[in-house]
Amino acid sequence: MLAISEQFKKQANLIAGEWVGADSGETIEVNNPATGEIIGTVPNSGKAETRRAIEAAQEAFQNFRKTSALERSQMLRRLHDAIMDNQESLAQLLSLEQGKSLVEARGEVGMSAAYVLWYAEEARRTYGDVVPSPWRDRRILVTKEPVGVIAAITPWNFPSSMLARKIGPAIATGCTAVVKPATQTPYSGLAWGLLAEQAGVPPGVVNILTGSASQIGGEITRNPLVRKVTFTGSTEVGKLLLKQCANTVKKVSMELGGNAPFLVFNDADLDRAVEGAIAAKYRNSGQTCVCTNRFLVQSKIYNKFVDRLAEAASALKVGNGLEEGTQQGPLIDMNAVESVESMIEDAVKKGGKIVAGGKRHSLGGSFFEPTVIANAKLRMRFTKEEIFGPISPVYKFRSEEEAIELANNTNFGLACYFYTQDLGRAYRVMEGLKYGLVGVNEGVITTAEAPFGGFKESGVGKEGGHQGIEDYLDTKYVCIGGLGL
């Protein structure tokens, strides 16, 4: 009998309702980062397969766009139910290929379902307008229509929920989709094809490809049939996609890198701040775009916060994500380990003091100790660079104005967090921070009901909230004349 997680481990691509391999027959191995074990393969698809998927999506769009909002809402509700009915299987699969703990994996699958349910509701609320006409014999209508074929490219750190944010609004609006999940974590992406089939989504509405990022991405950005590209990943790749999409003037949504500050003021509730710090930093082993990159702590409580954070970080249980009780799994691969080590080496050379962790974990492989570095300085690399690992550099500040200036001193503007019990300060700091997401006395704030997206080089567009559906719609103005009025 297959293990629970095997039920959704599809080792084929979905094009026009058919599960197929790559034209070349080539495959890509997928490994479990906790053990190094090869857990399967997926097709190494390229340009030709991507073109067929786009053409299939375009053909399916001709009928799917005519479905009613109610029909699409009901379809998404069935998809939500399919996800929740299989939450444990999907969570095990996610943990198997990505490494995060089962607790986090269950939470991600649940969040995926929450996004789908949200868009099931929003599908029926894409209202237009009747505009008062300046002409007596004309009437003005403003309507919303699906943009057409959308392409979604998603990362390995949240392989399920990132797709929920893209497939959900696509189906809700009557768009069709071509999806490319990351090759490190393809099974959680391919599982969406099986779930869509269970929910009665018509063939060709959701197409899923694994393989060459340059070939699949290149065809997506070049092909004029694709009218919108939505991407979650690095700022470097996002900039490249923006350039490529310009040739066919596609709509774009980009959720890119971050450099999240976490500010702790002298008047903060220290217990709450440390609890929030652990959640905001070490979730998914620090491999999230919204996790804390820089801790900025006011001088009077600096030493106390560092001690408390180091104690809490050292107490985290590191292990295989599939083992109950694990709080931090492995990093995604050895490249990630070497990147983290390089940043720690840089910090120590420049005066940083390791007060917790600082090295590879005794479990071996890509496991790494939760790390806290005191005496962080602006000249250290992680001041400007995204860490994407379990390192907490702690900087010191003296005044509120200095804290805001330090927090904003970055090209990024995705998420930030701060802790204070002063109501006036809460408003001043909230309004001073140039970030798309702000957590006040909270370390985890993402929810389907609120818009998710950053400022500056952290991206364009929003996912979630009522704002998240707008980028999948075209607004059309209709002037009706000759009414004889």
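Below: a short report on this structure. (Residues numbered from 1 in each chain as written. Predicted model: local features only at pLDDT ≥ 70, side-chain atom pairs only at ≥ 80, totals over all residues. Heavy atoms only, no water.)

**Regarding the nonpolar core**
Using the following cut-off: Buried Ala, Val, Leu, Ile, Met, Phe, Trp, Tyr and Cys residues that are joined via side-chain atoms within 4.5 Å together make up what is termed a nonpolar core. Three labels apply to residues, based on accessible area from a 1.4 Å probe with only protein chains included: buried if under 20% of the type maximum, exposed if over 50%, partly exposed otherwise in between. Strands here are runs of E lasting at least two residues and helices are runs of H or I lasting at least four, both read from the DSSP assignment and numbered beginning at the N terminus.
Counting residues in each nonpolar core, the largest one holds 56 residues, and the members touching the most others are Leu76, Leu79, Ile83, Ile150, Ile171, Trp192 and Val201. No other element matches helix α4 (residues 102-122), which puts nine residues into this core. Judged by nonpolar contacts, the second largest core, of 33 residues, contains Val274, Cys289, Leu309 and Leu414.

**Details of the pattern of salt bridges**
Heads up, the condition is: Take a side-chain nitrogen of Lys or Arg and a carboxyl oxygen of Asp or Glu: if they are within 4 Å of each other, that pair is a salt bridge.
Inspection of every chain in the model, using the stated rule, returns 21 salt bridges. The partner of Glu219 in a salt bridge is Arg51, with the nearest N and O atoms 3.6 Å apart. Taken together, the positions of Glu219 in helix α7 (residues 213-222) and Arg51 in helix α1 (residues 47-64) put the pair 168 residues apart, joining distant regions of the chain. A salt bridge links Glu219 to Arg222, with the shortest nitrogen-to-oxygen separation between them at 3.8 Å.

**A look at the sheet that holds strand β14 (residues 353-356)**
To be explicit about the condition: For two strands to be treated as a pair, DSSP must find no fewer than two bridges joining them. Angles run from 0 to 180 degrees between N-to-C directions of axes, and those axes are lines fitted to C-alpha atoms, restricted for helices to the stretch in contact. In this analysis, two residues are considered to be in contact whenever any of their non-hydrogen atoms come within 4.5 Å of each other.
Strand order in this open sheet of seven strands is β14-β15-β16-β13-β12-β18-β19, and the pairing throughout is mixed. Pairing within the sheet leaves two strands with one partner each, and these edge strands are β14 and β19 (437-440). Between one strand and the next, the sheet's axes are offset by a mean angle of 25 degrees, whatever the strand orientation. Judged from the three bridges that link them, strand β15 (residues 371-374) and strand β16 (residues 391-397) form a sheet pairing that is parallel. From the neighbouring strand, Ile373 faces β16, where its bridge partner is Pro393. Lying over the sheet, helix α10 (residues 302-314) contacts β12 (260-264), β13 (292-298), β14, β15 and β16, oriented at roughly 170 degrees with respect to β16. In the packing of helix α13 (residues 423-432) onto the sheet, the strands contacted are β12, β13, β18 (415-419) and β19, and the crossing angle to β18 comes to about 160 degrees.

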